Amino acid sequence: MTYKVIINSKNGKFPVKGLNELLAGRFYNPRTKRYHNPVKEENDRVCRSAIKKYLKGVKIDKTIQCTYLVYVKDKKHDRGNVYASVEKSFLDALQDCNVIKNDGYDDVLDGIFKTDIDRENPRIEIIIEVID
């Protein structure tokens, strides 16, 4: 069984922030004694929104492997930064939406990443393959 999720751009901008922005967005709140990251929260929100649209009612209880087809607007970010950010937020969002129970080592195999440039429609297409 395979599923497909598309995370579309907003206003022609790539739909999620890269790893550099993600790391720079983290700050410590001395009042709560916790770290907070609004950049990560926004990435997760964008992923959750796409998951709710494309995987409504889907529950996967087997191991999965995700193929990420990343269509960037330009070569501003290096691939590794984009890949890390996309995979982290998408897998966390799959868990948040209760599509998968865990995104741990035995539950999700190594992701497969492919990149291309689409100046008109930057987006991320994720193909989820359920491994029997």
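Residues numbered from 1 in each chain as written. Predicted model: local features only at pLDDT ≥ 70, side-chain atom pairs only at ≥ 80, totals over all residues. Heavy atoms only, no water.

Draft legend 1. Here's a closer look at the overall build of the protein chain. Of the regular secondary structure elements, the protein chain holds three helices and six strands. Starting at the N terminus and ending at the C terminus, the protein chain contains elements arranged as β-α-β-β-α-β-α-β-β. Summarising its shape, the C-alpha atoms of the protein chain cover approximately 45 × 40 × 25 Å along the three principal directions. Per-residue burial over the protein chain gives 39% buried out of 132 residues. Long-range pairs, those at least 24 residues apart, make up 82% of the contacts in the protein chain with a sequence separation of at least 6. With the model as given, the accessible surface of the protein chain reaches about 8,300 Å², and the carbon-plus-sulfur share is 47%. (Helix = DSSP H or I, 4+ residues; strand = E, 2+ residues; numbered from the N terminus. Buried < 20%, exposed > 50% of the residue type's maximum accessible area, 1.4 Å probe, protein only. Contact = heavy atoms within 4.5 Å. Areas by Shrake-Rupley, 256 points an atom, 1.4 Å probe, with all protein chains shown as cover.)

Draft legend 2. Fine view of unusual backbone geometry. We note that Lys-33 has phi near 60°; this positive angle belongs to a residue other than glycine. With a phi close to 60°, Asn-98 is a non-glycine residue in the positive phi region. Among the structural elements, Asn-98 can be located in the loop between helix H3 (79-96) and strand S5 (112-117).

Draft legend 3. Representation of the packing of aromatic side chains in the model. Per the counting criterion, the structure on display carries four aromatic pairs. When the ring of Tyr-83 is compared with that of Phe-113, the centres are 4.4 Å apart and the planes differ by 20°; the resulting orientation is stacked. Remark: Phe-113 occurs in strand S5 and Tyr-83 occurs in helix H3; sequence separation between them is 30 residues. Owing to a relative accessible area of 16%, Tyr-83 belongs among the buried residues under this scheme. (Phe/Tyr/Trp six-rings, centres within 6.5 Å; stacked < 30°, edge-to-face > 60°.)

Draft legend 4. Layout of the pattern of salt bridges. According to the stated counting rule, one finds nine salt bridges in the structure shown. The partner of Glu-125 in a salt bridge is Arg-123, and the shortest N-O contact between them spans 2.8 Å. Ionic contacts of the salt-bridge type, sharing partners, join the residues Lys-4, Asp-118, Arg-123 and Glu-125 into one network. (Salt bridge = Lys/Arg side-chain N within 4 Å of Asp/Glu carboxyl O.)

Draft legend 5. The pairing of S5, seen in detail. Where strand S4 (residues 63-72) and S5 come together, six bridges link them in parallel fashion. When the bridges of S5 are listed, Leu-69 appears paired with Lys-114. Where the polypeptide runs from S4 across H3 and back to S5, its parallel neighbour, the crossover connection is right-handed. (Pairing = 2+ DSSP bridges. Right-handed = clockwise from strand over helix to strand, strands pointing away.)

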